[in-house]
Amino acid sequence: MALIRCDFFAETLGLSTSMTVILPQRTESQIGLTGADVPGDPPVLYLLHGLSDDDTIWLRRTAIERYVAPLGLAVVMPQVGRSFYADEEHGNRYWTFLREELPQLCHGFFRLSDRREDTFVAGLSMGGYGAVKWALREPDRFAAVASLSGALDLAFRAEHPTRPIDPRVWHTAFGDRPVRGTDDDLLTLLDSAGVAPPLYVACGTEDFLYEDNVRFVERARSVGLPLTVDFSPGEHDWAYWDAKIADVLAWLPLADRGGQPTEERATGRSK
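Conventions used here
- Residues take numbers from 1 onward in each chain, read along the sequence in its written order.
- At least 70 in pLDDT is required for a residue's local features to be given in this predicted model, at least 80 for side-chain atom pairs to be given and counted, and no such filter applies to totals for whole chains, interfaces and linings, which use all residues.
- Hydrogens and water molecules were not included; the side-chain quantities draw on all heavy atoms of the structure.
- Secondary structure follows DSSP: runs of H or I at least 4 residues long count as helices, runs of E at least 2 residues long count as strands, and numbering of each begins at the N terminus.
- In this setup the radius of gyration rests on C-alpha atoms only. A globule is expected at 2.2 Å times the number of residues raised to 0.38.
- Each residue is placed in one exposure class: buried if its accessible area under a 1.4 Å probe, protein chains only, is under 20% of its type's maximum, exposed if it is over 50%, and partly exposed if it falls in between.
- Two residues form a contact once any of their heavy atoms are found within 4.5 Å.
- Whether two strands pair depends on DSSP finding at least two bridges between them.
- Disulfides are defined as pairs of cysteine sulfur atoms found within 2.5 Å of each other.
- Nonpolar cores are built from buried Ala, Val, Leu, Ile, Met, Phe, Trp, Tyr and Cys residues. Side-chain atoms within 4.5 Å join them into one set.
- Salt bridge, as used here: a side-chain nitrogen of Lys or Arg that lies within 4 Å of a carboxyl oxygen of Asp or Glu.
- All axes are obtained by fitting lines to C-alpha atoms, using only the stretch in contact for helices, and the reported angles, taken between N-to-C directions, cover 0 to 180 degrees.
- Two aromatic rings, drawn from Phe, Tyr or Trp (for Trp, its six-membered ring), form a pair once their centres lie within 6.5 Å of each other, and the interplanar angle then sorts them: stacked below 30 degrees, edge-to-face above 60, tilted otherwise.
- Ring-over charges, as used throughout, are those where CZ of Arg or NZ of Lys falls within 6 Å of the ring centre and within 35 degrees of the ring normal.
- When the strands point away from the viewer, a crossover counts as right-handed if the path from the first strand over the helix to the second runs clockwise.

Per an unreviewed UniProt entry, the recorded name for the protein is Esterase family protein, and the organism is Micromonospora fiedleri.

See below:
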């Protein structure tokens, strides 16, 4: 794999920012790791960070580089601060950056597939919310979306009696306007979703966001969206996310352009 720390200027933000990018590289003599690529431009996973993190966190806390090495999959990890992937009321236009400028820059800087069937998005916590929001608002862009311990009922979380979102963070992102019933409310987006890419929702049963995820899953099932659910023991921590991102990679519908089943390439073992 090639690991790139990319510092660049974002026009929509009016400032310099960063992203961390993993690009596939075929290797045979590297000890302990065999890298792969695919014919043509590689598929891409946009992998989003959580509220207290930045673009480096997935690389620092998980084995994501090792997990994707046999897949021929590029991974783009952008930095969006504590924005909830929104055009902030009192900050910056991170939603516009995410959906418009980031993909354009990535395709300009790197060799990546622009096909829907080769494009995926996933994230944890705030990033799980951002990933699902992006996929529900632009379902024609992605072939699959995954949320790990996502903040999937944001309006409820803002009003939660014991674990609310920091009101300063909320005010910066959303000001005094309501989120419930808007395009920033995932439950509202589910009600209006005619089609959606396959959804993978994972959350630990000991996670403080577990009940939020249950409500989201119940609503998604009620409107008939394609859904894979993994509710199993776990907390809101990196031990859980490191394990589950490997499961997400095995689940992604990667086109088998290398002649090997996707699950075998993802796990290094045959069925």
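Let us keep going from here.
Looking only at helices and strands, the protein has 10 helices and eight strands in total. Computed over the C-alpha atoms, the radius of gyration of the protein is 18 Å, within 12% of the 18 Å expected from 2.2 N^0.38 for a compact globule of 271 residues. Projected onto its principal axes, the C-alpha coordinates of the protein cover approximately 55 × 40 × 35 Å. Out of the 271 residues in the protein, the part that is buried amounts to 55%. Sequence-distant contacts, at least 24 apart, represent 71% of the contacts inside the protein between residues at least 6 apart.

Mapped onto the secondary structure, Trp170 falls in helix α6 (residues 167–174). For the pair Trp170 and Phe84, spaced 86 residues apart in sequence, the C-alpha separation works out to 8.8 Å. Residue contacts for Trp170: discarding those within four places in its chain leaves Leu154, Ala155, Ala158, Ile165, Gly175 and Val179.

Most of strand β3 (residues 44–48) sits out of view: five of its five residues are buried. Burial along β3 is two-sided: Val44, Tyr46 and Leu48 and Leu45 and Leu47, pointing in opposite directions, are all buried. Bridge count for β3 against strand β4 (residues 74–78) is three bridges, and the pairing is parallel. Across the sheet, the residue bridging to Tyr46 is Val76, located in β4. Strand direction decides the pairing type here: β3 and strand β5 (residues 119–124), joined by five bridges, are parallel. Bridging from a neighbouring strand, Leu48 pairs with Gly123 of β5.

What follows concerns the state of the cysteines. For the structure shown, the criterion picks out zero disulfides. Take Cys106: it sits in no disulfide, and the sulfur closest to it among the cysteines is that of Cys6, at 7.6 Å. Since its relative accessible area comes to 0%, Cys106 is described here as buried.

Bringing the nonpolar core into the picture now. Met19, Tyr46, Val121, Phe174 and Phe216 are the most contacted members of the largest nonpolar core, which totals 57 residues. When near neighbours in sequence (up to four residues on either side) are disregarded, Met19 contacts Ile4, Arg5, Cys6, Phe8, Asp55, Val76, Met77, Pro78, Leu102, Cys106, Phe109 and Phe110. The next biggest cluster of nonpolar side chains, apart from the first, holds 33 residues, and it includes Ile64, Leu73, Ala143 and Trp241.

Now for the pattern of salt bridges. The final tally for this structure, using the stated rule, is 22 salt bridges. Asp184 is the partner of Lys133 in a salt bridge, and the nearest nitrogen-oxygen pair spans 3.0 Å. One end of the pair, Lys133, is in helix α4 (residues 126–137); the other, Asp184, is in the loop between α6 and α7 (186–192), and 51 residues separate them in sequence. Residues Lys133 and Asp184 agree in their burial class; the two are buried. Residues joined in a network through salt bridges with shared partners are Asp153, Arg157, Arg180, Asp185, Asp212 and Arg215.

Here the focus is the sheet that holds strand β1 (residues 2–10). Across the sheet, which stays open at both edges, the eight strands sit in the order β1-β2-β4-β3-β5-β6-β7-β8 with mixed pairing between neighbours. Bordering the open sheet on either side are β1 and β8 (227–232), each of which pairs with just one other strand. Averaged over all neighbouring strand pairs, the angle between strand axes comes to 15 degrees, with direction disregarded. Pairing of β5 with strand β6 (residues 144–148), which is carried by five bridges, proceeds in the parallel orientation. By the bridge assignment, Gly123 is partnered in β6 with Ser147. The strands touched by helix α8 (residues 210–222) within the sheet are β7 (199–204) and β8, with β8 carrying the most contacts at an inclination of about 155 degrees. The sheet strands contacting helix α9 (residues 238–251) are β3, β5, β6, β7 and β8, and the helix crosses β6 at an angle near 165 degrees.

Tallied over the full model, the rule gives 12 aromatic pairs. Ring centres 6.0 Å apart and planes at 80 degrees place the aromatic pair Phe109 and Phe110 in the edge-to-face group. Joined through ring pairs, the aromatic side chains of Phe8, Phe97, Phe109 and Phe110 make up one cluster. Its end group placed over the ring of Phe208, Arg163 keeps NZ or CZ at 3.9 Å from the ring centre.

With that out of the way, let us pick up the pairing of β5. Counting buried positions along β5 gives six out of six residues, so the element sits mostly inside the fold. Remark: the β5/α4/β6 crossover connection has right-handed handedness.

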